[in-house]
Amino acid sequence: MFFVVPDEVDVSFANDEVKVTPRSDSKRARALWGTSRAQVNNLVVGVSTGFTRKLDITGVGYKASVQGKILQLSLGYSHDVPFPIPEGITIVTPKPIEIIISGIDKRQVGQVASEIRAHRPPEPYKGKGVRYSDEFIFRKEGKKK
């Protein structure tokens, strides 16, 4: 995990503080100032507390389990879907229908959660699939006679 400081921004360290300031008053410098500040903040928060994403699995027979460095997903296909857990990421399954992804890199935690969800995204009719725990699925009405 690393962070490249753009040319339009100055980063200084003093008295246990990190200060990010724009070098000019241009629109690009101010935009990169906010982006740089947010990335530095994510680095500090990631190292101090870490980031967590929670996924819920809905569907009859759908489940997940961790076996070593592999997450086994049973999502209604004719076979289980193995998902290799990347370095720096911890995946825990307290219940078979719940996946908790944690790590120090916010981008990587979100990317892993997105890749797991992509194996079976929630469908709008019955709501079956893998979804974020805070995600709302708009349900559609079924066929009428």
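Within each chain, residues carry numbers counting from 1 in the order of the written sequence. It should be noted that, the model being predicted, local features are given only for residues of pLDDT at least 70 and side-chain atom pairs only at 80 or more, the latter also being counted only at that level, while totals for whole chains, interfaces and linings use all residues. Neither water nor hydrogens contribute to the side-chain values; these are computed over all heavy atoms in the structure.

(A) Up close: the sheet that holds strand 4 (residues 63-67). Pairing between strands is defined by DSSP: at least two bridges between the two strands are required. Helix and strand assignments follow DSSP, with helices taken as H or I runs no shorter than four residues and strands as E runs no shorter than two, numbered in order from the N terminus. Spatially, 4-5-6 is the arrangement adopted by the 3 strands of the open sheet, whose pairing is antiparallel. Both outer strands of the open sheet, strand 4 and strand 6 (81-84), are each paired with one neighbouring strand and no more. Neighbour-to-neighbour, the strand axes of this sheet turn through a mean angle of 25 degrees, independent of strand direction. Across 4 bridges, the pairing between strand 5 (residues 70-74) and strand 6 is antiparallel. By the bridge assignment, L73 is partnered in strand 6 with V81. Here an axis means a line fitted to C-alpha atoms, over the contact stretch when the element is a helix, while the angle between two N-to-C directions is reported on a 0 to 180 degree scale.

(B) How the structure looks around the packing of aromatic side chains. Pairing of aromatic side chains requires ring centres within 6.5 Å, counting the rings of Phe and Tyr and the six-membered ring of Trp. Pairs whose planes differ by under 30 degrees are stacked, by over 60 edge-to-face, and all others tilted. All told, the structure shown has 1 aromatic pair when counted by the stated rule. With 5.2 Å between their ring centres and 90 degrees between their planes, F136 and F138 make a pair best called edge-to-face. Summarising the burial analysis for this pair, F136 and F138 share the class exposed. In this analysis the charged atom, NZ for Lys or CZ for Arg, is taken to sit over a ring once it is within 6 Å of the ring centre and within 35 degrees of the ring normal. Of note, R53 hangs over the ring of Y132, and the distance from its end group to the ring centre comes to 4.2 Å. In this structure, R120 packs its charged tip against the face of Y77, placed 4.2 Å from the ring centre. Each residue is assigned to one of three classes by its accessible area relative to the maximum for its type, calculated with a 1.4 Å probe on protein chains only: buried under 20%, partly exposed between the two thresholds, exposed over 50%.

(C) The sheet that holds strand 3 (residues 51-58), seen in detail. Strands sit in the order 7-8-3-9 across an open sheet of 4 strands; the sheet is antiparallel. Only two strands of the sheet have a single partner each, and these edge strands are strand 7 (89-92) and strand 9 (129-132). Across the sheet, the mean angle separating the axes of adjacent strands is 25 degrees when strand polarity is ignored. Here strand 7 pairs with strand 8 (residues 98-103) via 4 bridges, running antiparallel. By the bridge assignment for strand 8, I91 is matched with I101.

(D) Quick peek at helix 1 (residues 27-48). Expected helix span is computed as 1.5 Å times (number of residues minus one). With 22 residues, helix 1 ought to run about 32 Å at 1.5 Å a step, and its terminal C-alpha atoms sit 32 Å apart, in line with that. All of the buried residues in helix 1 are A29, L32, S36, V40 and G46. What you see down the axis of helix 1 is that its buried residues fit within an arc of 125 degrees, all on one side. Of the exposed residues in helix 1, the ones pointing more than 90 degrees away from its buried face are K27 and S48. Any pair of residues with heavy atoms lying within 4.5 Å of one another is described as a contacting pair. Of the surrounding elements, those touching the buried residues of helix 1 are strand 1 (9-14), strand 2 (17-22) and strand 3. Immediately beyond the C-terminal end of helix 1, within one or two residues, lies G50, with a positive phi of roughly 90 degrees. Here the arc refers to the directions that run from the helix axis out to each C-beta atom.

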